[in-house]
Amino acid sequence: MSDATALDRVVREAGGTDVLDRLAGLPGADLITLLLAVMRRRADRLTPADVLRRYRDDRFVTPAAVPFHQSRAIEDRLISLLPNGFEPVTLAPVVPLGTHSAVGTVHQDQVVTTIRGTEVAADATNGLALVAADRRRGALRTDPVVRLATLQRVVRAQRFDGAGRFAHFGLLGMVSAGRDTGDLAFERQHVVEHTRFLMTTLLAIGGDRAELRLTVAEPRLVPVGDAVRAAMAELAGVTVVDDPDRPAGRGYYAGLCYKAFVVRGDVATEIADGGLVDWTGLLLGNRKERLVISGAGIEGLATL
């Protein structure tokens, strides 16, 4: 049964075709009051045995497959290697409703939404973008650049296939937020800083080689791609591969993105992803705002 067919059935059984619109149109506080009452009644019917059964069956609540000491060792190493100027912050596990879909173009069905007007973090960079945008408001906008990093466990609702694909996993998130200074100076400086960090970190943690797959989707950003290639040419063991036909990320990134791979022998393992996005510009209503984001998977590094 498709999601649409299932929804139609539920709506009919709940009282008619307009029930969904009526619920969605309730003021936020009223909807929360209603949903809390529903969840209380459902929880009252559960026994401890029911909870244990759900724990065994629910992919969202089982512990990580990667041993704690391995993940923790990688996290400590990543933080120690952060470039100067990046401030580590501890984010909340939830963000405001719409953070991933209204700003980051991720479908809401792929996010775990709560009944209190929030959603569980599905990517560390979304929460960092909110912090960066808030810091760049008003008087703080005089700060030239806001550089933030975090370690966060995130949850994604879509199903992944293959080994090492988990409903929840750890990420290192990094953002650099600032104002357009002309001549693509911001983009060139900070995309280079992010990609250099990713490449040197992958080599330091144990790859034989590191590969950066670079996608420049807008002609105006060709100078940024050229700056990245020049910087990577200075790093021994790093290869840059042009990836103009990359299907994933179009519409999510703003004209330039990249993927970082650890290469061992003939095997390339994707570890990190990043690029230019327009999120702080949207959040602040200012087209001059610029943002570079990167995210690296903790489990991927820990299981190499």
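Quick note: structure is the one above.
Numbers given to residues run from 1 along each chain, matching the order in which its sequence is written. In keeping with the model being predicted, local features are shown solely for residues with a pLDDT of at least 70 and side-chain atom pairs are shown and tallied solely at 80 or more, while totals for entire chains, interfaces and linings include all residues. Note that the side-chain values use all heavy atoms of the structure and ignore hydrogens as well as water.

1. A word on the pattern of salt bridges
And then number 1: We count a salt bridge whenever a side-chain nitrogen from Lys or Arg sits within 4 Å of a carboxyl oxygen from Asp or Glu. This model, assessed by the stated rule, comprises 21 salt bridges.
And then number 2: One salt bridge connects Glu 87 with Arg 135, and the closest N-O pair in it is separated by 2.6 Å. With Glu 87 in strand 1 (residues 87–88) and Arg 135 in helix 7 (residues 124–135), the pair connects residues that are 48 residues apart, well separated along the chain.
And then number 3: Residue Arg 213 pairs with Glu 211 through a salt bridge whose shortest N-O separation is 2.5 Å.
And then number 4: Among the residues examined, Arg 213 registers a relative accessible area of 28% and is labelled partly exposed.
And then number 5: A relative accessible area of 13% places Glu 211 in the buried class. Secondary structure elements follow DSSP: runs of H or I no shorter than four residues count as helices, runs of E no shorter than two count as strands, and numbering proceeds from the N terminus. The classification of residues rests on relative accessible area computed with a 1.4 Å probe and restricted to protein chains. Under 20% of the type maximum is buried, over 50% is exposed, and intermediate values are partly exposed.

2. Observations concerning the packing of aromatic side chains
And then number 1: Planes of paired rings set the category: under 30 degrees apart is stacked, over 60 is edge-to-face and the rest tilted, where pairs are Phe, Tyr or Trp rings (Trp by its six-membered ring) whose centres lie within 6.5 Å. For the structure shown, the criterion picks out two aromatic pairs.
And then number 2: A centroid spacing of 5.1 Å and a plane angle of 80° characterise the contact between Tyr 252 and Tyr 253, whose relative ring orientation is edge-to-face. Each member of the pair Tyr 252 and Tyr 253 is classed as buried.
And then number 3: Judged by centre distance (5.5 Å) and plane angle (85°), the ring pair of Tyr 252 and Trp 279 falls under edge-to-face. Pair noted here: Tyr 252 is in the loop between strand 7 (238–242) and strand 8 (256–264) and Trp 279 is in helix 10 (residues 279–284), with a separation of 27 residues, a long-range link.
And then number 4: According to the relative accessible area criterion, Tyr 252 is buried, its value standing at 17%.
And then number 5: Among the aromatic residues, those joined into a cluster by ring pairs are Tyr 252, Tyr 253 and Trp 279.
And then number 6: Looking at Arg 213, its charged tip hangs above the ring of Phe 261, at a distance of 3.8 Å from the centre. We count a charge as sitting over a ring when the NZ of a lysine or the CZ of an arginine lies within 6 Å of the ring centre and within 35 degrees of the ring normal.

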